Amino acid sequence: MVPPQKGTHMMIFQRMVTFQGPPDEIGAWALEITEAVNTRTQLATTLWQGTFGVPVGSLAWSAIVDNLTALEAANDALLGDAGYLSLVAKAAPWATTAPQDSWLQTIHTSGGEFVRARVGSYSENIMAIPAPGKLAAAGVFGVEMADLHTQLTHAPVLFCSSAYGAFGELRWLAMYESAAAVDTAAELVAKDEEYGAKLDAAGDLFVAGMARRVLARRIA
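The rules behind each value
- Residues numbered from 1 in each chain as written.
- Predicted model: local features only at pLDDT ≥ 70, side-chain atom pairs only at ≥ 80, totals over all residues.
- Heavy atoms only, no water.
- Phe/Tyr/Trp six-rings, centres within 6.5 Å; stacked < 30°, edge-to-face > 60°.
- Helix = DSSP H or I, 4+ residues; strand = E, 2+ residues; numbered from the N terminus.
- Buried < 20%, exposed > 50% of the residue type's maximum accessible area, 1.4 Å probe, protein only.
- Core = buried A, V, L, I, M, F, W, Y, C linked by side-chain atoms within 4.5 Å.
- Contact = heavy atoms within 4.5 Å.
- Salt bridge = Lys/Arg side-chain N within 4 Å of Asp/Glu carboxyl O.
- Pairing = 2+ DSSP bridges.
- Axes fitted to C-alpha atoms, helices over the stretch in contact; angles between N-to-C directions.
- Expected span 1.5 Å × (residues − 1).

1. Description of the packing of aromatic side chains
The full count for this structure, using the stated rule, is seven aromatic pairs. A centroid spacing of 6.5 Å and a plane angle of 75° characterise the contact between W29 and W94, whose relative ring orientation is edge-to-face. One end of the pair, W29, is in helix α1 (residues 23–40); the other, W94, is in the loop between α3 (82–90) and β4 (100–110), with 65 residues separating them in the sequence. W94 carries the same exposure label as W29, and that label is buried. Linked through ring pairs, F19, W29, W61 and W94 together constitute an aromatic cluster.

2. A closer look at the nonpolar core
Ranked by internal contacts, the top residues of the largest apolar core, which has 25 residues, are F141, F159, L170, W172, Y176, Y195 and F206. Mapped by element, the contributors of at least two residues to this core are β5 (122–128), α4 (135–153), β6 (157–162), β7 (170–176) and α5 (179–191). For this core, the element with the highest residue contribution is α4, accounting for seven residues. Setting aside anything within four residues of it in sequence, one finds W172 in contact with E124, N125, I126, A128, F141, G142, M145, A146, V157, L158, F159 and F206. Listed in part, the 24 residues of the second largest apolar core include F13, A74, L78 and Y84.

3. Things to note about the pattern of salt bridges
Taken as a whole, this structure holds eight salt bridges when the rule is applied. Here K198 makes a salt bridge to E144, at a shortest N to O gap of 3.5 Å. Taken together, the residues span a long stretch of sequence, with K198 in helix α6 (residues 193–201) and E144 in helix α4 at a distance of 54 residues. K191 is the partner of E187 in a salt bridge, and the nearest nitrogen-oxygen pair spans 2.9 Å.

4. Things to note about the sheet that holds strand β3 (residues 58–65)
The eight strands lie next to each other as β1-β3-β2-β8-β5-β7-β6-β4, forming a closed barrel whose pairing is antiparallel. Direction aside, the axes of adjacent strands within the sheet are offset by 35° on average. On the sheet, α5 packs against β5, β7 and β8 (212–218) and is oriented at approximately 120° with respect to β7.

5. Re α4
Compared with an ideal rise of 1.5 Å per residue, which puts 19 residues at 27 Å, α4 spans 27 Å between its outermost C-alpha atoms and is within 8% of the ideal. Of all the positions in α4, only A138, G139, F141, G142, V143, M145, A146, L148, H149, T150, L152 and T153 are classed as buried. In the core, the buried residues of α4 are packed alongside β4, β5, β6, β7, α5 and α6. Two residues or fewer after α4 comes H154, characterised by a positive phi angle close to 65°.

6. Focus: the pairing of β8
Direction of pairing for strand β2 (residues 46–52) relative to β8: antiparallel, over a ladder of four bridges. Bridging from a neighbouring strand, F52 pairs with L215 of β8.

7. Topic: the pairing of β3
The buried fraction of β3 is high, at six of eight residues. In the sheet, strand β1 (residues 11–18) pairs with β3 via eight bridges, with the strands oriented antiparallel. Bridging from a neighbouring strand, I12 pairs with I64 of β3. Pairing analysis gives four bridges linking β2 to β3, with the strands arranged antiparallel. Note on β3: the bridge partner recorded for W48 is A60. Between the end of β2 and the start of β3, which pair antiparallel, lie five residues, with G53 showing a positive phi angle near 90°.

Following this line, the structure appears as structure tokens:
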């Protein structure tokens, strides 16, 4: 695996849940619990709505955390807070899936210093699992593709590894200011011969049929 570059080491906590119920009530609740987390902890959590690649009704919370110790402290504070637990219980009838948590380590940041996406921005997440014996090569490829994507689209990209879940899973998180920026980036990438050639040449680096791409929009 490519080691984290100096100045790019970040841990990212993500929690995703799929809900089914009154959209206005679920939306209001999601904003309320996001605010509750941010007032009771130091996590500075953002709220995202899945738009494509995930079940309809999927919401995700994301926070940049220094380390697992800091996340544990925040989690303990929330579990000891009656108001927060009451909000969690309120949403139980709407949840169609159990919460799924991800813990990501940033390997490389392209596009300069990381800047948190504003409300209304989009995040394109690509997930892939390296083939056996290809972990290091896949890491090198991941850094190259992050840089090339930014070069073509001017969109910043976080290249990360997943600490838990599928072993060795890699993720690219590309950030876009608007839907128009997503459209423009897709067109630029599709037309670039080098981009396509690099993807074709990397076919044996990853487990076939396991790559996924998800688009989400920040709503709080």
